[in-house]
Amino acid sequence: MNDRHVLLTGGSGGLGIAVTRALLARGAHLTLTVRDDVHAQRLTAFLDDLDDEARARVRTAPADLADEASVRGVIDAMPRVDCLIHLVGGFTMGPLDETSLEALREQIDLNLVTTFLVCKHALRRMKERGHGRIVTVGSRAAVEPGAQLSAYAATKAGVLALTRVIADETRDTDITANAVLPSIIDTAANRKAMGESQAERWVTPESLAEVILFLASEAARDVRGALLPVYGKV
């Protein structure tokens, strides 16, 4: 990843910090999208702990990833786009007959619309050079949907479909698109929501970050349209 220009969305979350740290350790230049002041503060606290050399390779960019003009502006401001790692997404659960249309539309915006827009414009820039790596985040629920996950599973399934479409459309180029399918990620938010009794069986952010970076690297140049399960011991 040395000297690669990477667009990373969702960099302030539990997984995002792990991916950011791994990318910087490998010499990447990062553009990190920032949604609001809360996320900006999290990133600032993390970046303040970096050395000057690593900090100089990070640029933050305010963005509404559900707004096409905002996404286009961030991506066009990058010198080039070697890699897109799209971590932004949302989760909700509840019985289908109790799930509101508003909740479904929120999931569509968070999971599907953001993926569509960042992939669309990152791909546009990658085609300028005929090279690029796209990594998206699906979910185990997208391929093994279960009760109370209607809106989440359906929109994450859409993420996987988009990823495979891109892989097929770029088959004759040096652009690849792949997705990871995590089960439960061991983050502070998940421990708070679900308790800690089974946390040792979950996927750590650091472990998932290594899988993501493999798909983003030249080592995975022949991997296209993969939906890679990362389930831990769950």
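Please refer to the structure higher up on the page.
All chains use their own residue numbering, which begins from 1 and follows the written sequence. Since the coordinates come from a predicted model, pLDDT governs what is reported: local features require at least 70, and pairs of side-chain atoms require 80 or more to be given and counted, while whole-chain, interface and lining totals use all residues. Each side-chain value is derived from all of the structure's non-hydrogen atoms; neither hydrogens nor water enter the calculation.

Regarding the packing of helix 5 (residues 101–129) against helix 7 (residues 150–169)
Here's step 1: Running from N to C, helix 5 and helix 7 cross one another at 15°; their axes reach a closest spacing of 8 Å. When the axes of helix 5 and helix 7 are compared, the pair comes out roughly parallel. Crossing geometry of helix 5 relative to helix 7 is assigned as right-handed. Residues Leu 104, Gln 107, Ile 108, Asn 111, Leu 112, Thr 115, Phe 116, Cys 119 and Leu 123 of helix 5 form the contact with helix 7, whose participating residues are Ala 151, Tyr 152, Thr 155, Lys 156, Gly 158, Val 159, Leu 162 and Ile 166.
Here's step 2: Grouping the constituent residues of the contact of helix 5 with helix 7 by class yields eleven nonpolar, five polar and one charged. Geometry is summarised by axes, namely lines fitted to C-alpha atoms with helices restricted to the contacting stretch, and by angles between N-to-C directions that run from 0 to 180 degrees. We count a stretch as a helix when DSSP gives it H or I for four or more residues in a row; a strand needs E for two or more, and each element gets its number in order from the N terminus. Angular relationships are summarised with four words: roughly parallel below 35 degrees, roughly antiparallel beyond 145, roughly perpendicular across 65 to 115, and oblique for the angles in between. For a crossing to be left-handed, the near helix must be turned anticlockwise from the far one by less than a right angle; the clockwise case is right-handed. Any two residues whose heavy atoms approach within 4.5 Å at even a single point are treated as in contact. When residue character is reported, Ala, Val, Leu, Ile, Met, Phe, Trp, Tyr, Cys and Pro are called nonpolar, Asp, Glu, Lys and Arg charged, and the others, Gly included, polar.

Structural notes on the pattern of salt bridges
Proximity of charged atoms lets side chains of opposite charge pair with each other.
Here's step 1: Basic side-chain nitrogens of Lys or Arg form a salt bridge, by our definition, when they fall within 4 Å of a carboxyl oxygen of Asp or Glu. Scanning the entire structure with this criterion turns up 17 salt bridges.
Here's step 2: When the shortest N-O distance is used, the salt bridge between Arg 55 and Asp 52 registers 2.8 Å. On the criterion of helical spacing, the pair formed by Arg 55 and Asp 52 is a turn pair, its members being three residues apart in helix 3 (residues 52–55).
Here's step 3: Where Asp 186 meets Arg 191, a salt bridge forms, and the shortest distance between an N and an O atom there is 2.6 Å.
Here's step 4: According to the relative accessible area criterion, Arg 191 is partly exposed, its value standing at 29%.
Here's step 5: Within this structure, Arg 4, Arg 133, Asp 174 and Glu 218 form a network of salt bridges that share partners. Buried means the residue's accessible area, taken with a 1.4 Å probe over protein chains only, is under 20% of the maximum for its type, while exposed means over 50%, and partly exposed covers the values in between.

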